[in-house]
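Understanding the architecture of this molecule
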Amino acid sequence: MEVGIEDCLHIEFEYSKAKYHLRDAIIGKIFFLLVRVKIKRMEIEIRRREICGLGANAHGENEVIAKFEVMEGAPVRGECIPVRLFLSPYDLTPTYKSVNNKFSVKYYLNLVLIDDEDRRYFKQQEIILYRSELL
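If you're wondering where the values come from, they're calculated on a predicted model, not measured in any experiment.

Regarding the nonpolar core
Ile-30, Met-42, Ile-44 and Ile-46 are the most contacted members of the largest nonpolar core, which totals 30 residues. Only β2 (9-15), β4 (25-35), β5 (39-52), β6 (59-72), β7 (80-86), β9 (103-115) and β10 (120-130) provide two or more residues apiece to this core. Here the element with the most residues in this core is β9; it accounts for 5 residues. When neighbours within four sequence positions are excluded, Ile-46 is seen to be in contact with Glu-63, Val-64, Ile-65, Ala-66, Leu-85, Leu-87, Leu-92, Tyr-107, Tyr-108 and Leu-109.

Let's talk about the packing of aromatic side chains
The full count for this structure, using the stated rule, is 1 aromatic pair. Measuring from ring centre to ring centre gives 5.2 Å for Phe-13 and Tyr-15, while their planes differ by 50°; the resulting arrangement is tilted.

Examining the environment of Arg-49
Mapped onto the fold, Arg-49 is located in strand β5. Every residue in contact with Arg-49, bar those within four places of it in the chain, is listed here: Glu-61, Asn-62, Ser-104, Val-105, Lys-106, Tyr-108 and Gln-124. A polar atom in the side chain of Arg-49 sits 3.4 Å from the side chain of Tyr-108.

Conventions and cut-offs
- Think of each chain on its own: its residues are numbered from 1, step by step along the sequence as written.
- Only residues with pLDDT of at least 70 get local features here, since the model is predicted, and only at 80 or more are side-chain atom pairs given and counted; chain-wide, interface and lining totals rely on the full set of residues.
- Here the side-chain values reflect all heavy atoms present in the structure, with hydrogen atoms and water set aside.
- Buried Ala, Val, Leu, Ile, Met, Phe, Trp, Tyr and Cys residues that are joined via side-chain atoms within 4.5 Å together make up what is termed a nonpolar core.
- Working definition: with a 1.4 Å probe on protein chains only, accessible area under 20% of the residue-type maximum means buried, over 50% means exposed, and in between means partly exposed.
- Here a strand is any run of E in DSSP of at least two residues, a helix any run of H or I of at least four, and the numbering for each starts at the N terminus.
- Contacts were defined at the residue level, with two residues in contact if any of their heavy atoms lie within 4.5 Å.
- Classification of ring pairs uses Phe, Tyr and Trp, with its six-membered ring standing for Trp, and accepts pairs whose centres are within 6.5 Å; under 30 degrees between planes counts as stacked, over 60 as edge-to-face, and the remaining range as tilted.
- As used in this structure description, the phrase polar contact means that two N or O atoms lie within 3.5 Å; if the pair is within protein, one of them must be able to donate a hydrogen and the other to accept it, and residues adjacent in sequence are counted only when both atoms belong to side chains.

See the structure below:
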């Protein structure tokens, strides 16, 4: 996943895979390639989006499941920050896509950067969560 503002900020977030078990851990690295914005802090969020219904009758809800502060303070060019976010402490369900064309649950990994003026820059990437067996 890449986040960037032309000629001001360019970072890359590499993580190991796109599909995770409910008891897995998201492991990755954040690389700062270009930094000309004073960043105050950086967070990673796991967001759940549930959609019920069809067409105009569809109702959606978004919820922040987890918020993890990765960094506080200004990074420098070339800096690499390791990330390890365990999923087991959070109340997660598997990803469901279009169950009977009426219901879906999707999860997103959201990288959020906050600068000194409290402006928020973010990038969202869908992740798939699965359960290997029923308990």
